[in-house]
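# Remarks on the overall topology
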Amino acid sequence: MKVKWNTLGMVVFFLLSVVMTCCFIWQYRMPKLKTEMLTKKSIVEELCPRFPEPVPLEHPITSLRVALEKADVLLRSSIHTTKLPAISAIVVLNDSVLWNGNFGKKNLSDPSSSAPNEYTVYRIASLSKIFPTLMLYKLWEDDLVDSLDDPLEKYVENFTIKNPLGNGGRPGYSSSKMLSSLSPAITLRRMASQLSGLPRRLRSTNLLWSGDTQAALNLLQDDVLVADPGTKCHYSNVAFSLLANVLAQKVTGSDFETWVSDNILKRLNMEDTGFNLTPAIQKQMAVGVYSDGQPAPLYNLGWYRPAGQMYSTAADMAKLMMALLGSYGRPLLRQDTLNTMLTPVIRCHSGYFANSTGTPWEINEQFGYDVVRKDGDLDGFAATFSLVPRLKLGLVILMAGVRPADRDLVSQTYSYLIPAVENAFRNARRILRPPPDPAPYIGFFTYRNMTFYEIKVDSDGVLVMQQFGPQVDTNVPSKYRTIRLDYLEDRVFRVVFESPYPCKLKVNSASVSLEAQDRQLFNFYLFTKKGVSPGFDSPGLNTYRVMRVAGRPYFTS
């Protein structure tokens, strides 16, 4: 009988241990250091947060100044008197222009030519593809397009193209009906993210082809997909021109260029951006050149205009960067729509020129951050539009001439900027918001009588939560027992850890992610008749009913 009771005791102890472990996983400060216990050791692997939250910065910041000076030297040294005579670049951080640099001469053949500035006009080539994509997202947001994954044939009757790579490679399936039922469809999103499988150009055409959309569709009937839709990254000017013209004609009842002017350019006050290279615009332009220094002609693209016709300035591109970062004064898209637009769609095969593709982005990783960019090259001009969404950082480089083949100016510039901006955010003083009245939240709380918390108010009116109890007092250093609560809206707070903190904690074979707990939300219950909240939930941690207790509990050993 004694053995049975010992066995029962072991089972109870085991179950209690499991409950306690689950309880401690949800907690917000659990970086246990070495204790006197011989059987348990805590190992801190890495400090967090990995990605600091963008917060307002107090300038000047020495590290940022140094990084921008390096960028200045890099771009200035890239000027070549024959093949790259002019560069304009601009850096934005959240809602502000951090720096702009202009180098070289606007007109290589004119000895008296001035240097470019942020209002100098350049052709932006394939950066034009950003605008059909914005059109797609805006029409989707306004419920004029049902889904980003609508098939093209929903908007184009009797659309057909050969797809010999679909249906296991068996021939004979060329109609849109077969394409959509037996293999992945050519969807709007895939057209905007180089995943449609459509060829780069229509057969027997070049960028000057002056046909219309119906003529393009007729040519596609006897053409072939170069990849099964959605399976492979393949660059296509056809996809963007078709997307823009079909959406304009079938959904808006307008033409593409008019829609872009009315709904994007005017809204963002992009006064020096457009499609038509009028004499007035040409006077503002840097003169594009080939590698031998000869001026490049300013020809107009035909049906392919949505994929590469546009011109702009560094100043206007800065407005567009701010709009896509969600920080421009006049919102272009909702934040959730912007998040979707800036999210990678699929990883590309090793032979493609980017790690991942997006709408319409080429995406590569640098210092652990996604760098979302669009490159464009057209006779005499080169341009790159790029964002680091996690840091609210953007960079545009506009060039009159040939893009340097021996170095990537964008990646090199980000090699200076990303560490500097990241460190600036990590070192910035975080300003937390106090609740209108802290009184309803102050007091003692418990989670199942196993962990205990006291909520106080600091000198700034911000709520501070301190954990206590036998296990916490024994195993958790005092600096890790306190978290702060940032007031967001009615009875909702966000957890804020003091940085840095351990990302992940290992206790024997168990692993607890502290990074996942930072910035979680506390949702306090409606106030009682006494004017206090009786408890709160943390839905993101799947933790409910952390309840108020009358006073501070006392523990016996």
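Refer to the preceding data block for the structure.
Structure report, in brief. (Residues numbered from 1 in each chain as written. Predicted model: local features only at pLDDT ≥ 70, side-chain atom pairs only at ≥ 80, totals over all residues. Heavy atoms only, no water.)

### Comments concerning the state of the cysteines
On inspection of all chains with the given rule, the structure shows one disulfide. Disulfide pairing places Cys233 opposite Cys348 at an S-S distance of 2.1 Å. The sign of the S-S torsion, about -85°, decides the handedness of the disulfide formed by Cys233 and Cys348: left-handed. Linking Cys233 in the loop between helix 6 (213–220) and helix 7 (237–252) with Cys348 in the loop between strand 7 (346–347) and strand 8 (356–357), this pair joins segments that are 115 residues apart in sequence. The pair formed by Cys233 and Cys348 is uniform in burial state, with each residue classed as buried. (Disulfide = S-S within 2.5 Å. Helix = DSSP H or I, 4+ residues; strand = E, 2+ residues; numbered from the N terminus. Buried < 20%, exposed > 50% of the residue type's maximum accessible area, 1.4 Å probe, protein only.)

### Notes on the packing of helix 6 against helix 7
Where helix 6 contacts helix 7, the axes come no closer than 10 Å and their chain directions differ by 130°. By the angle between their directions, the pair helix 6 and helix 7 is classed as oblique. Seen along the crossing, helix 6 lies across helix 7 with a hand that is left-handed. Of helix 7, the residues touching helix 6 (which contributes Thr213, Leu217 and Leu220) are Val238, Leu242, Asn245, Val246 and Gln249. Split into classes, the residues belonging to the contact of helix 6 with helix 7 amount to five nonpolar, three polar and no charged. (Axes fitted to C-alpha atoms, helices over the stretch in contact; angles between N-to-C directions. Parallel < 35°, antiparallel > 145°, perpendicular 65-115°, else oblique. Left-handed = near helix turned anticlockwise from the far one by under 90°. Contact = heavy atoms within 4.5 Å. Nonpolar A, V, L, I, M, F, W, Y, C, P; charged D, E, K, R; others polar.)

### So, the environment of Pro199
With respect to the secondary-structure elements, Pro199 resides in the loop between helix 5 (188–192) and helix 6. When its relative accessible area of 8% is taken as the criterion, Pro199 is described as buried. The spacing of Pro199 and Ser236 is 37 residues in sequence and 5.7 Å in space, taken between C-alpha atoms. Not counting the four nearest positions on each side in its chain, Pro199 is found in contact with Leu220, Asp223, Val224, Val226, His234, Ser236 and Val238.

### What to know about unusual backbone geometry
Geometrically, the link from His59 to Pro60 is a cis peptide bond, its omega value of 5° lying close to zero. With respect to the helices, strands and loops of the structure, Pro60 is situated in the loop between strand 2 (47–48) and helix 2 (62–78). The omega torsion across Thr359 and Pro360 is 0°, close enough to zero to call that bond cis. Counting through the fold element by element, Pro360 comes out in the loop between strand 8 and strand 9 (362–366). Positive phi values are uncommon outside glycine, yet Asn269 reaches one of about 55°. The backbone phi angle of Arg519 is positive, close to 70°, even though this residue is not glycine.

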